[in-house]
Amino acid sequence: MNDNQKPAGQKPSEKACPICGRPAVEETKPFCSKRCADVDLSRWLGGVYRIESPDRPDAEEADERE
C-alpha cells in the first residue's frame, strides 16, 4: 500500500480530529478513532468542558430567597 491509499473504510475527511489533530474518519467523525471519541466523552463527563451561560443558577436561587 502506498502513501496515497487508505485502508478500507478509513476515508479521511477535510477536518482534523479535535483531540489529536489526525485526519478525521467518516465512521467516527469528527474524530479519527473511537479512542479519541472516548477521550472527548470522558472530558465532557469529567467536567473539563462546559458551556458558559449568562444565567447563574446560584444567583437565581438567591433572588428567590429575598
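Residues numbered from 1 in each chain as written. Predicted model: local features only at pLDDT ≥ 70, side-chain atom pairs only at ≥ 80, totals over all residues. Heavy atoms only, no water.

Peer 1: What is the right way to read the pattern of salt bridges from this model?
Peer 2: Side-chain pairing between opposite charges can occur once the charged atoms of the two side chains come close. Per the stated rule, a full pass over the model turns up three salt bridges. Between Lys-34 and Asp-38 there is a salt bridge, with the nearest N and O atoms lying 3.1 Å from each other. On the criterion of helical spacing, the pair formed by Lys-34 and Asp-38 is a turn pair, its members being four residues apart in helix H1 (residues 34-45). (Salt bridge = Lys/Arg side-chain N within 4 Å of Asp/Glu carboxyl O. Helix = DSSP H or I, 4+ residues; strand = E, 2+ residues; numbered from the N terminus.)

Peer 1: Help me understand unusual backbone geometry in this model?
Peer 2: Trans peptide bonds make up most of the peptide bonds, and negative phi angles are found at most residues other than glycine. A cis amide bond links Lys-29 with the next residue in sequence, Pro-30, at an omega value of 10°. Mapped onto the fold, Pro-30 is located in the loop between strand E2 (23-25) and H1.

Peer 1: Even after reading the chapter, I still don't get the side chain of Asp-40, so can you show me in this structure?
Peer 2: Within the fold, Asp-40 resides in helix H1. For the buried Asp-40, no salt bridge exists, and the shortest N-O distance to an oppositely charged side chain is 5.8 Å, to Arg-43. When residues no more than four places from it in sequence are discounted, the contact partners of Asp-40 are Ile-19, Phe-31 and Tyr-49. (Buried < 20%, exposed > 50% of the residue type's maximum accessible area, 1.4 Å probe, protein only. Lys, Arg positive; Asp, Glu negative; His and termini not counted. Contact = heavy atoms within 4.5 Å.)

Peer 1: Looking at this structure, I do not really get H1. What am I missing?
Peer 2: The periodicity of an α-helix, 3.6 residues per turn, causes residues three or four places apart in sequence to face the same way. The end-to-end C-alpha distance of H1, which contains 12 residues, comes to 16 Å, matching closely the 16 Å that a straight helix rising 1.5 Å per residue would cover. Gly-47 occupies a position one or two residues after H1 and carries a positive phi of about 85°. (Expected span 1.5 Å × (residues − 1).)

Peer 1: Quick question: what am I supposed to make of the confidence of the model for the chain here?
Peer 2: The predicted structure's coordinates, where accompanied by low pLDDT, should not be read in detail. Looking at the chain as a whole, the pLDDT averages 79, with 64% of positions reaching at least 70. Contacts of residues 1-7 to residues separated by more than four positions or lying in other chains number three contacts, the stretch itself having pLDDT below 50. (pLDDT = per-residue confidence, 0-100.)

Peer 1: I would appreciate a short explanation of the side chain of Thr-28 in the present structure.
Peer 2: Secondary-structure assignment places Thr-28 in the loop between E2 and H1. A distance of 3.5 Å separates the side chain of Thr-28 from the backbone nitrogen of Ser-33, its partner in a polar contact. Those residues within four positions of Thr-28 in sequence are excluded, and the remaining contacts are Ser-33 and Lys-34. (Polar contact = N/O pair within 3.5 Å; in protein donor to acceptor, adjacent residues only side chain to side chain.)

Peer 1: In this structure, what is going on with the state of the cysteines? I would like to understand it.
Peer 2: Each disulfide is one covalent bond, formed between the sulfur atoms of two cysteines. In total, this model carries zero disulfides according to the counting rule given. No disulfide involves Cys-20; its sulfur sits 3.4 Å from the nearest other cysteine sulfur, which is in Cys-32. Of all cysteine sulfurs, the one in Cys-32 lies closest to Cys-36, which takes part in no disulfide; the gap is 3.7 Å. The class for Cys-36 is buried, based on a relative accessible area of 3%. (Disulfide = S-S within 2.5 Å.)

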